Amino acid sequence: MSLPTQVNLVKNKFGYDEAFNYKEEPHLNAALKRYFPKGIDIYFENVGGPMLDAVLLNMRIKGRIAVCGMISQYNLEKPDGVQNLFCLVSKRIRMEFNVLDYYHLYPKFLELTHQYIKEGKIFYVEDTVEGLEQAPAALIGLFTGSKVGKQVVVVARE
Ligand SMILES: NC(=O)c1ccc[n+]([C@@H]2O[C@H](COP(=O)([O-])OP(=O)(O)OC[C@H]3O[C@@H](n4cnc5c(N)ncnc54)[C@H](OP(=O)(O)O)[C@@H]3O)[C@@H](O)[C@H]2O)c1
């Protein structure tokens, strides 16, 4: 299924310079070279697997990878092997997961983001379903691309 609306959303509402739909790019390495001809300085890792492999090839020297999650690897009986980890050595890339080290800053994060949302500096999109009985389908939808934005299940409206 083609999802041009997601690309439009990322570029036109969220203000990113470029965006592509990974489902429409058979060669992720070629796609990244096309969109980032000078290479990638900072990558926020949420995907893992073939995307991480392609990103590693396109990182710049002394680039940084902040690891948040690896969603492509969660429901596999056997996770994908990552082939290009040697790029960490040859390009002196720093790759780390560190959210737990900064958890004490969470209240400050909430305060700041609330303010930015009020001021229109940060936008978010929610995909809402009504009723707890919709929760299983909504959960499965996280892995099948059937929603746009943060999936919310409204259990009851007060
Ligand atoms: N470190 C932490 O404390 C923390 C906390 C929360 C979440 N996370 C991580 O943050 C990431 C996003 O979580 P979220 O709750 O924001 O999820 P989300 O709102 O459901 O977003 C998931 C995104 O991942 C994409 N996706 C799903 N399967 C994919 C695949 N096989 N290859 C490439 N992209 C894929 C989806 O795109 P399509 O729908 O188009 O497939 C969607 O854009 C996850 O890796 C999660 O583990 C980390």
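Note: the structure precedes this text.
Everything quoted here is computed from the prediction, not taken from an experiment.

Focus on the site of the ligand
Reasoning step 1: Lining the immediate surroundings of the ligand are 17 residues, of which Tyr22, Asn46, Cys68, Tyr74 and Lys150 lie closest.
Reasoning step 2: Lys23 places a side-chain nitrogen or oxygen 3.1 Å from an oxygen atom of the ligand.
Reasoning step 3: Between an oxygen atom of the ligand and a side-chain N or O atom of Tyr74, the distance comes to 2.5 Å.
Reasoning step 4: For the ligand, whose free accessible area comes to 910 Å², the fraction covered by protein is 64%.
Reasoning step 5: For the shell around the ligand, the class distribution of residues is 9 nonpolar, 5 polar and 3 charged.
Reasoning step 6: Each of two domains, domain 1 (4–113) and domain 2 (125–158), supplies a minimum of three residues to the shell around the ligand.

Brief notes about helix α2 (residues 28–35)
Reasoning step 1: What α2 keeps buried is the set Leu28, Ala31 and Leu32. Down the axis of α2, the sector holding all buried residues measures 95°, keeping them to one side.
Reasoning step 2: Against β1 (40–45) and α3 (49–58) lie the buried residues of α2.

Quick word on the nonpolar core
Reasoning step 1: Ranked by internal contacts, the top residues of the largest apolar core, which has 14 residues, are Ile40, Tyr43, Val55, Met59 and Ile65.
Reasoning step 2: Looking at this core, the elements with two or more residues in it are α2, β1, α3 and β2 (59–67).
Reasoning step 3: The dominant element in this core, judged by the number of residues it contributes, is α3, at 5 residues.

Cut-off values and rules
- Residues numbered from 1 in each chain as written.
- Predicted model: local features only at pLDDT ≥ 70, side-chain atom pairs only at ≥ 80, totals over all residues.
- Heavy atoms only, no water.
- Near = heavy atom within 4 Å.
- Polar contact = N/O pair within 3.5 Å; in protein donor to acceptor, adjacent residues only side chain to side chain.
- Areas by Shrake-Rupley, 256 points an atom, 1.4 Å probe, with all protein chains shown as cover.
- Nonpolar A, V, L, I, M, F, W, Y, C, P; charged D, E, K, R; others polar.
- Domains from an automatic or database assignment.
- Buried < 20%, exposed > 50% of the residue type's maximum accessible area, 1.4 Å probe, protein only.
- Helix = DSSP H or I, 4+ residues; strand = E, 2+ residues; numbered from the N terminus.
- Arc of directions from axis to C-beta.
- Contact = heavy atoms within 4.5 Å.
- Core = buried A, V, L, I, M, F, W, Y, C linked by side-chain atoms within 4.5 Å.

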